[in-house]
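Here are the chains, one letter per residue:
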Amino acid sequence: MASGAASYRLSCSLPGHELDVRGLACCLYPPGAFVSVSRDRTTRLWAPDSPNRGFTEMHCMSGHSNFVSCVCIIPSSDIYPHGLIATGGNDHNICIFSLDSPVPLYTLKGHKDTVCSLSSGKFGTLLSGSWDTTAKVWLNDKCMMTLQGHTAAVWAVKILPEQGLMLTGSADKTIKLWKAGRCERTFSGHEDCVRGLAILSETEFLSCANDASIRRWQITGECLEVYYGHTNYIYGISVFPNCNDFVTTGEDRSLRIWKHGECVQTIRLPAQSIWCCCVLDNGDIVVGASDGIIRVFTQSADRTASTEEIKAFEKELSQATIDSKTGDLGDISAEQLPGREHLNEPGTREGQTRLIRDGERVEAYQWSVSEGRWIKIGDVVGSSGANQQTSGKVLYEGKEFDYVFSIDVNEGGPSYKLPYNTSEDPWLAAYNFLQKNDLNPMFLDQVAKFIIDNTKGQTFGIGNTSFSDPFTGKLKELNGTASEEKKLTEDDLVLLEKILSLICNSSSEKPTAQQLHILWKAINWPEDIVFPALDILRLSIKHPSVNENFCNEKEGAQFSSHLINLLNPKGKPANQLLALRTFCNCFAGQAGQKLMMSHRESLMSHAIELKSGSNKNIHIALATLTLNYSVFLHKDHNIEGKAQCLSVISTILEVVQDLEATFRLLVALGTLISDDSNAIQLAKSLGVDSQIKKYASVSEPAKVSECCRLILNLL
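What comes next is a walk through the structure. (Residues numbered from 1 in each chain as written. Predicted model: local features only at pLDDT ≥ 70, side-chain atom pairs only at ≥ 80, totals over all residues. Heavy atoms only, no water.)

### Description of the packing of helix α2 (residues 426–436) against helix α7 (residues 531–540)
Heads up, the rule is: An axis is simply a line fitted to the C-alpha atoms; with a helix, the fit covers only the stretch in contact. Between two such axes, the angle follows the N-to-C directions and lies from 0 to 180 degrees. Numbered from the N terminus, helices here are DSSP runs of H or I no shorter than four residues, and strands are runs of E no shorter than two. By the definition adopted for this analysis, an angle is roughly parallel if under 35 degrees, roughly antiparallel if over 145, roughly perpendicular if from 65 to 115, and oblique otherwise. Each crossing is labelled by how the near helix is turned from the far one, with a counterclockwise turn of less than a right angle marking it left-handed and a clockwise turn marking it right-handed. Working rule for contacts: check all heavy atoms of both residues, and any pair within 4.5 Å makes them a contact. Polar here means any residue other than Ala, Val, Leu, Ile, Met, Phe, Trp, Tyr, Cys and Pro, which are nonpolar, and Asp, Glu, Lys and Arg, which are charged; Gly is therefore polar.
Put simply, α2 and α7 touch, their axes get as near as 11 Å, and they point 20° apart. The orientation of α2 relative to α7 falls into the category roughly parallel. The way α2 lies across α7 gives a crossing that is left-handed. Contact residues: Trp427, Leu428, Tyr431 and Gln435 in α2; Phe531, Asp535 and Arg538 in α7. A class-by-class count of the residues in the contact of α2 with α7 yields four nonpolar, one polar and two charged.

Written as structure tokens, this is what we have:
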């Protein structure tokens, strides 16, 4: 620490939460209290013990159906003089609590993905940031505006003291300043996801990021300073009352205290991820971590923990293990490290780390200036083979996953990223991975087996995990769970495998009537197990004889009706996606084209119900289906059909985030209005021209802006 300032030491540890503590906020009432939120789905209010130094859990509040990610306090009002608590969760919702009730007063719905950041302002305004790439401004229980402009998750939000000014920080590495709902300025400089924001004054603010840096900015756009000290992602940042000093927490197991722009103290904790922090009015620091424990640190001798408690904390810290591959301690070569005698030399600065070799072990120590000694902070261990870390640490495309694997499908070909959470079905994750990267479905078994092997069985809902032939291994497993009347014989499964082989290898051989009968039987399995059979159908329907068999005048109505039933918005996303892709592929044959056109009205009215989900693959499939229809409607000048498609395009454009889906919708729109003045007038009456103007400024991919400008010229 800087001379003359006391070091921060442990004040107390607060067990209570069962999983990671993800958010903290200081309360208005009772004085000195704070609120915590956790992956255990609860929100807890902690009040100081008087006159003791500890805290007591006053209330435990529940309202989210999934992890709670963030929290803020809404200032007092005439109706709620003690203020309100706002929490955001992985269930896409924001819950508003009073301080004396375990259930929400009301719930704010509107985001399409995890709500990961909240900030309150004057007059009861609330700003929320979400993985859906937007921020929303709320007043009481109404969404007043949506801030759109970021291209990845919005991890951090803050309302500035000046009325109408708001800040958002994103996984797209930028920070944006908004005024009255319009983006006034974009701040660039961070090299990775922006994770936290803190307000210093009306004209300055701080940001922290996954690039392990902190930046101080002026709202006019200048970056005034860059601070370094952390060795891994920085998750949380909080400012001391009435000054420019601040604290940060991160993935390097540390809380760091910054004064006059320098890191003056580093406190290591016995948990890998230190997710969040807040500074109380008395200057004490509260931190939440991945071990579910809240810890309070203080400079006050009166509030410092007892000698026994500090020894217990240091013992817990010394027993922690530090993965040498995280980079938190630099490159480590155990053979070249000094022995225990190295600890006889005093450190030169607060928080300095020193590694020593003790036999086969490598131990890490940190220097404490105030105590004049080295404190053990853990044993350094090698990784067990996977760089993936525990729940909620690995980021991919701005979102958190338990694991992000690199998959090499073809020798010598590119590797692909496969994000995975242990709550997912590995088969469905493997299927989505193959679909996203347009890879051969024959790899399904291998990819699913890779996931299971590399997560050491940390999966839910997995039964028999034996493997046989590619792809059909899952079919065999699921077949065993089907009812007797729906179950396929071993011979039936062989016939299914032959269809897949025939289709994937572009054979000139035609599937037999018996094989097609078995495929029909398989796609009538129960919804929870049917997706592998639907994938075979999606591929097969492009084959002329399969297209004719399922889409002819006699069988087509039953076939179409069965697939439309799978588009139920309450159904499984994998089934919805495969049904949509099957409909898209029906256009490959004449019988399919005829069937699609005759069932257009019913099919499109059911398909549009899937627009409100956040699955970008479903949005792309919806856009592709609309594009296919637009091509055939352009040929026969069906104005009623065009009106339905234009309405669908307008509706999907309101919610779609993915630019590939947007591009296909724009192509569909251009096709529909080309050479048709009636369609142009209809498009204008729907306000499509004003809807698409924003895409004219898209820089990547360039095809989006080019297509948009061509359409605007037509309109």
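And the narrative resumes.
### A few points about helix α10 (residues 573–586)
To keep things clear, this is the line we draw: To estimate how far a helix should reach, multiply one less than its number of residues by 1.5 Å. Relative accessibility thresholds used throughout: buried, under 20% of the residue-type maximum; exposed, over 50%; partly exposed, between the two (1.4 Å probe, protein chains only).
Over its 14 residues, α10 extends 20 Å from the first C-alpha to the last, a length consistent with the 20 Å expected when each residue adds 1.5 Å. Counting buried positions along α10 gives 13 out of 14 residues, so the element sits mostly inside the fold.

### Looking at empty space enclosed by the protein
The following threshold applies: Only protein atoms enter the calculation, which uses a 1 Å grid: trapped sets of points that fit a 1.4 Å probe without letting it out are cavities, open sets showing protein on both sides within 12 Å along at least five of seven lines are pockets, and any residue with an atom within 4 Å of a point is a lining residue. Grid points are joined across faces, edges and corners, and a volume is the space filled by probe spheres set on the points.
For the structure shown, the criterion picks out one cavity of 30 Å³ or more. Tyr8, Ile267, Phe313, Glu371 and Ile375 are the residues nearest the centre of the largest cavity, which is lined by 21 residues in total. For the lining of the largest cavity, the elements supplying multiple residues, two or more each, are β1 (9–14), β25 (262–268), α1 (307–318), β31 (361–368) and β32 (373–381). A per-class count over the lining of the largest cavity returns ten nonpolar, six polar and five charged.

### Brief notes about the pattern of salt bridges
For clarity, the cut-off: Salt bridges are identified by distance alone: a Lys or Arg side-chain nitrogen within 4 Å of an Asp or Glu carboxyl oxygen.
In the structure shown here, the tally under the stated rule is 24 salt bridges. Here Asp291 ties to Arg295 by a salt bridge, and the two come within 2.8 Å at their closest N and O atoms. Under the relative-accessibility criterion, Arg295 is labelled buried at 1%. Via salt bridges that share partners, Arg9, Glu314, Glu371 and Arg373 belong to a single interconnected network.

### Focus on the pairing of strand β19 (residues 204–209)
The condition is simple: For two strands to count as paired, DSSP must find a minimum of two bridges between them.
Buried residues dominate β19, accounting for six of its six residues. Burial along β19 is two-sided: the face carrying Glu204, Leu206 and Cys208 and the face carrying Phe205, Ser207 and Ala209 are both buried. Summarising the sheet, strand β18 (residues 194–199) and β19 pair through five bridges and their orientation is antiparallel. Of the residues in β19, the one forming a bridge with Ile199 is Phe205. Linking β18 back to β19 in an antiparallel pair, the connection comprises four residues.

### Details of the packing of aromatic side chains
In plain terms, the rule: Stacked, tilted and edge-to-face pairs are distinguished by plane angle, under 30 degrees for stacked and over 60 for edge-to-face with tilted covering the rest, among Phe, Tyr and Trp rings (Trp via its six-membered ring) whose centres lie within 6.5 Å.
In this structure the tally under the stated criterion is 18 aromatic pairs. With a centroid separation of 5.3 Å and 90° between ring planes, the pair formed by Phe187 and Phe205 is classed as edge-to-face. With a gap of 18 residues between them, Phe187 in strand β17 (residues 182–188) and Phe205 in strand β19 connect regions that are remote in the sequence. Here the two residues Phe187 and Phe205 agree in accessibility, since each one is buried. Note on Phe587 and Tyr629: the rings are 5.2 Å apart at their centroids and 90° apart in plane angle, and the pair reads as edge-to-face. On the criterion of sequence distance, the pair formed by Phe587 in the loop between α10 and α11 (590–598) and Tyr629 in helix α13 (residues 616–636) is long-range, its members being 42 residues apart.

### Some remarks on the sheet that holds strand β5 (residues 55–62)
Spatial strand order, β2-β3-β4-β5: four strands in an open sheet with antiparallel pairing. Edge strands, defined here as strands with exactly one partner in the open sheet, are β2 (21–26) and β5. Neighbour-to-neighbour, the strand axes of this sheet turn through a mean angle of 20°, independent of strand direction.

Treat this as a map of the structure, not an account of what it does.
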